[in-house]
Structures are given as C-alpha cells and as structure tokens.
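As a plain string of letters, each chain reads:
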Amino acid sequence: MVQRFLSIISLCAALTLLLFSCRQPIDLDVDRSVVATNLPEITDFSPKVVRIRNGDRITITGKNFVNVKKVMIDTLTLDSIIIENRGRISARVPNQAPRGSITISRTYKISVFTPIGVTESQQKVALADNSLTGFISFNEQPLDSVVIIATYTAKNLVTQTLTGYGINMKSSGFYDIWIPNINAGSFTVPNGANFTVRPFLSGYTFTPAEQTVTFQNQQGIGETEFKASKVPPDKMPEFTSITPSTGYSFSGSAETGTLIELRGKGFTGLRKIMIGIPYQAPGSQSIRVEYTEATEFTMKSDGELSVRLPRFDRTKALSGRTYPNCQIYLLRDDASILAPQRISITYI
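Residues numbered from 1 in each chain as written. Predicted model: local features only at pLDDT ≥ 70, side-chain atom pairs only at ≥ 80, totals over all residues. Heavy atoms only, no water.

Regarding the confidence of the model for the protein
The predicted structure's coordinates, where accompanied by low pLDDT, should not be read in detail. Going by this rule: Each residue gets a pLDDT score, which is the predictor's confidence in that residue and runs from 0 to 100. Numbering of helices and strands runs from the N terminus, with a helix taken as a DSSP run of H or I at least four residues long and a strand as a DSSP run of E at least two residues long. Whether two residues touch is decided by their heavy atoms; if any such pair falls within 4.5 Å, the residues are in contact.
Mean pLDDT over the protein stands at 83; residues scoring 70 or higher make up 77%. The least confident element of the protein, judged by mean pLDDT, is helix H1 (residues 2-22) at 50; the most confident is strand S25 (residues 259-265) at 97. For the stretch residues 17-30, pLDDT sits under 50, and the model shows zero contacts to residues farther than four places along the chain or on other chains. Below pLDDT 50 for its whole length, residues 182-186 participates in eight contacts with residues either more than four positions away or in separate chains.

Description of the pattern of salt bridges
This is how it is decided: Whenever a carboxyl oxygen of Asp or Glu lies within 4 Å of a side-chain nitrogen of Lys or Arg, that contact is scored as a salt bridge. Here the term buried applies to any residue with accessible area under 20% of the maximum for its type, exposed to any over 50%, and partly exposed to those in between, with areas from a 1.4 Å probe on protein chains only.
If you walk through the whole model with that rule in mind, you get 18 salt bridges. Among the ionic pairs, Asp56 bridges to Arg51, the shortest N-O distance being 3.2 Å. The same class applies to Asp56 as to Arg51, namely buried.

Quick notes on the sheet that holds strand S28 (residues 297-301)
The line we're drawing: DSSP calls a pair of strands paired once it identifies at least 2 bridges connecting them. Where helices are involved, their axes are fitted lines through C-alpha atoms of the stretch in contact, as for all axes, and angles between N-to-C directions lie from 0 to 180°.
Taken together, four strands build an open sheet; the order of strands is S23-S25-S29-S28 and the sheet is antiparallel. Since the sheet does not close on itself, it has two edges, and those belong to strand S23 (238-243) and S28, each with one partner. In this sheet, neighbouring strand axes are inclined to one another by 20° on average, regardless of whether the strands run parallel or antiparallel. In this structure, S28 lies alongside strand S29 (residues 304-308), joined through four bridges in antiparallel fashion. Within S29, the residue paired with Ser301 across the bridge is Glu304.

This is how it looks when you write it as structure tokens:
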C-alpha cells in the first residue's frame with residue numbers, strides 16, 4: 001500500500017516537471033509604460049487670489065507631498081516653502097514677481113515638484129497687483145455669471161457705483177474691478193479709499209453678503225472671495241406684477257424717472273433694487289446689460305413697494321432711445337431674485 005502511494009507521488013511530480021518544462025518562456029520585456037505610484041496630487045488651495053506686493057502665502061492641500069523641491073505659479077517660483085505634512089504645504093509669493101514671465105491680473109495653475117513627479121492644479125489661481133480681483137464659488141466649484149456691484153468711496157470724492165463695463169467677470173469664478181480714473185488723469189487710488197463689493201445672482205445668497213477692500217499704497221487690503229448657496233424655493237421673494245410696464249429715465253431733472261409699483265411677496269428685508277439696462281457696447285453691435293441702483297423706493301408691505309426709475313448712464317444712453325427688456329433685480333442679504341417681467345424705459 002505504501003509502495004503504491006509513493007509511486008503515485010512520483011508520477012505526479014514527474015508530470016508537474018514535464019508541464020512546466022513545456023511552457024513557453026515569459027517575456028518580461030514588454031512594450032508598456034510603467035505608471036509611477038505615490039505621485040503628488042493637488043486637491044485644493046487657498047486663497048484663490050494672491051497679491052504680489054503683499055507677499056501673500058498660499059496653502060496647498062493634497063497628498064504625497066514628500067521631498068518637495070519647488071512650488072510654482074506658472075513660471076513664478078514661490079519661496080519660504082513649509083511642508084506641514086504629506087498632505088499640506090504652504091509657500092510665499094515673492095514680493096517682486098518677474099514681470100517678464102507672467103501677466104498680472106490673469107489666472108494660472110499651481111505646480112508642485114517632487115523627485116517622483118510633478119502635479120498641476122486643476123483650479124487656477126489669480127495674481128493681483130494694483131488691482132481688485134476676487135473669486136466666487138458654489139459647492140467648492142467656481143461660479144460664473146454672477147453680477148458684481150462695487151461701490152467706491154474716497155475722501156473728498158463723490159461715491160461711484162461700478163457695474164457692467166466697470167467689472168470683468170471672468171470664467172472659472174474670477175472677477176476683476178476696474179479702478180476709476182479719479183486723480184486728474186492718473187489711475188492712482190488714494191490711501192484709505194474703499195471699495196465695497198457685493199455679488200448677486202437670482203436664486204442664490206452669498207457669504208458674506210458684501211466685503212470692503214481698503215487701498216493702502218496701491219494695494220487692496222481685505223478679503224475678496226465669496227461662497228454662494230442656493231436659496232430654497234419657499235424662501236425666495238416672488239413677483240406677481242410690475243406696473244406700468246413702460247417708463248422714462250430723465251437726464252437733467254431733479255426728479256429721476258417714472259414711479260412703478262411692484263407686487264408679490266417676500267419684499268421685507270430688501271437692501272437694493274437694481275435696474276438692468278441693455279446698453280450697446282461702444283464701437284460694437286453687441287448688447288451688454290449694466291445695472292443701475294434705484295435708490296428711491298418705498299416699502300408699503302411685505303408684498304408691495306414703489307420704486308422710481310433711476311437715471312441712466314449719460315456716457316452710454318442715447319437721448320430719445322427706448323431700451324426694451326430692462327431687468328429688475330431685488331437684493332436681500334439672504335436672497336436675490338430677477339423679476340420674470342421686463343419693462344421698457346425711454347431715456348429723455
């Protein structure tokens with residue numbers, strides 16, 4: 001019995017050796033790419049806007065930040081790199097950026113270099129120098145098509161409100177605000193001048209509702225980033241009617257324009273009423289809506305108010321022209337809504 005068992009084992013061993021000896025040799029030198037592991041990865045960074053002359057620091061989060069050799073914004077090398085841990089580093093934007101390598105007030109990607117490889121951010125960062133640049137996000141993603149109001153005040157100067165042509169809403173959630181010409185041909189902004197920035201978009205609320213940036217030595221001091229949230233439908237104001245549907249904006253009269261009545265609900269807490277006028281862009285056939293604040297309004301109840309149409313911008317409006325499809329925007333701190341109704345306004 002034992003002899004028979006040993007014979008069976010010997011036969012199995014022989015068959016196994018024969019099987020392996022007949023197999024074709026394995027060619028390990030195949031033509032395929034080897035994917036490196038543990039590559040660095042950028043998942044987010046803050047702030048989204050950095051100012052060059054301030055020497056701002058930027059914090060980058062991700063993974064596999066090991067033996068970081070350098071951090072760059074486009075071709076600009078950052079300094080004072082601090083490796084907080086494998087998933088978080090910070091670096092400083094040099095006080096004097098090399099002007100030949102980048103264009104100020106544009107957006108760029110961030111790169112982190114390690115011995116294993118290089119990673120590049122999906123989201124871009126904006127570099128600001130003597131400009132007012134900001135960023136707006138919704139659910140950690142850039143939010144576009146937002147309307148910006150920038151109210152400018154300075155000592156011994158009349159307050160100016162900028163919208164439309166004064167503000168460039170870029171893609172990827174960034175916005176730029178044009179600094180007005182206020183010093184006899186110079187674009188120098190005096191120390192202590194303030195810009196109060198307020199975003200609005202129908203159906204959204206923003207945190208914070210507005211922010212103020214103070215200029216010192218040609219640098220804006222203050223936050224310029226906003227986070228948006230959607231407003232539940234039952235919390236939104238509503239329009240039911242706007243009467244009349246036509247009106248006038250007067251250029252020289254002490255009184256402004258036609259008095260109109262708005263009816264609906266949710267008007268309590270109203271902060272601003274903005275009238276959107278579809279101006280024709282100078283030297284172009286394109287139409288661009290620019291918003292003017294209607295400062296004269298009376299709240300009669302939660303669902304009824306009267307508002308006087310504001311003066312149009314004399315540099316853009318043409319006397320005698322009727323501007324159809326003018327928009328009406330209501331702004332509360334917790335919600336903004338664009339009226340579905342439109343009105344036609346004649347500029348006189």
